[in-house]
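Take a look at the letters that make up each chain.
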Amino acid sequence: VWSLMLSNTRMPKMMEGDFGAMIGGCAVGETRLRELVGKYGVETVRDSVEDLLDYTERRFRDIVREWPDGVYHGESSLDTDYQGNENITVRVTVEIDGDRIRADFSGSDLQTPSVINSTRANTLSYLYSGLSALAPDLPINSGVYRSVESVTVPGSVVHSLPPVGAGLATTAIGADVGEAVAAAYRQLVRAPSLLVSVALEDAVLEERRPNVPGTVD
């Protein structure tokens with residue numbers, strides 16, 4: 001099975017490292033969880049997890065209530081998908097209503113026949129990372145996300161569907177998801193810490209952003 005998976009990718013050595021890191025992380029997590037259960041018992045661990053999630057949710061909702069209600073917009077564009085399409089744009093509308101957040105990516109461009117498309121899960125990871133940056137004192141867990149509603153359109157560049165590729169999602173359009181989200185967040189709160197994406201091109205004020213080594217424009 002291992003050889004079959006690796007033989008079905010263009011970069012088997014890189015993927016083997018990625019898979020190994022994932023498996024290693026799961027193995028460490030399993031070990032730590034078994035240690036906790038062995039020390040405190042299953043019920044105590046379960047109750048503690050639920051208490052931590054509930055605590056994080058309460059704290060985060062309190063933070064969101066301090067933000068001004070309103071609708072905030074952000075967008076960012078990828079210069080090329082390497083298939084002839086230019087300025088592929090991610091658009092997000094973030095609505096704050098009391099202790100609720102609604103992030104709507106419906107205005108984003110359609111998926112392209114390239115490898116830069118983002119899956120919904122990848123898109124939400126950038127949305128949630130930004131929220132975590134706005135509440136750096138809170139534990140990072142799913143309690144933060146209970147107050148968040150997200151909207152993505154299947155078939156869009158932020159919610160791609162087969163057969164298009166998404167191999168560069170985290171380094172190509174994913175960065176634009178993060179930048180669009182951060183642009184919306186900046187309008188509603190002065191963040192104590194920021195989710196920042198900086199490239200050499202930014203430092204030298206170069207507007208063109210080559211996203212893959214070997215591109216010239």
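The rules we used
Residues numbered from 1 in each chain as written. Predicted model: local features only at pLDDT ≥ 70, side-chain atom pairs only at ≥ 80, totals over all residues. Heavy atoms only, no water. Pairing = 2+ DSSP bridges. Helix = DSSP H or I, 4+ residues; strand = E, 2+ residues; numbered from the N terminus. Phe/Tyr/Trp six-rings, centres within 6.5 Å; stacked < 30°, edge-to-face > 60°. Buried < 20%, exposed > 50% of the residue type's maximum accessible area, 1.4 Å probe, protein only. Contact = heavy atoms within 4.5 Å. Core = buried A, V, L, I, M, F, W, Y, C linked by side-chain atoms within 4.5 Å.

**Some words on the pairing of strand E1 (residues 70-80)**
Looking along a regular strand, one sees the side chains alternate between the two faces of the sheet.
Right, on to step 1. Bridge count for E1 against strand E2 (residues 86-97) is 10 bridges, and the pairing is antiparallel. Bridge assignment links Thr-80 to a residue of E2, and that residue is Glu-86.
Right, on to step 2. Counting the residues in the hairpin turn of E1 and E2 gives 5 residues, including Tyr-82, whose phi is positive at 70 degrees.

**Observations concerning the packing of aromatic side chains**
Aromatic ring pairs: the centre-centre distance and the angle between the two ring planes describe each pair.
Right, on to step 1. With the rule as written, the count across this model stands at 3 aromatic pairs.
Right, on to step 2. With centroids separated by 6.2 Å and ring planes inclined at 90 degrees, the aromatic side chains of Phe-60 and Trp-67 adopt a geometry described as edge-to-face. For the residue pair Phe-60 and Trp-67, the accessibility class agrees, reading buried in each case.

**A word on the environment of Ala-183**
Right, on to step 1. Within the secondary structure, Ala-183 sits in helix H5 (residues 173-188).
Right, on to step 2. Spatially, the C-alpha atom of Ala-183 lies 8.6 Å from that of Ser-76, the residues being 107 residues apart in sequence.
Right, on to step 3. Discounting chain neighbours no more than four positions away, the residues touching Ala-183 are His-73 and Gly-74.

**Description of the nonpolar core**
One recurring pattern in soluble globular proteins is that nonpolar side chains are buried together.
Right, on to step 1. Counting 35 residues, the largest nonpolar core has Phe-60, Trp-67, Val-94, Ile-101, Phe-105 and Leu-127 as its most contacted members.
Right, on to step 2. Mapped onto this core, the elements with two or more residues apiece are helix H3 (42-65), E1, E2, strand E3 (100-104), helix H4 (120-134) and H5.
Right, on to step 3. Element by element, the count of residues in this core is highest for H5, at 7 residues.
Right, on to step 4. Dropping the residues within four chain positions of it, Ile-101 is found in contact with Phe-60, Val-64, Trp-67, Val-94, Glu-95, Ile-96, Leu-131, Ser-147, Val-148 and Glu-149.

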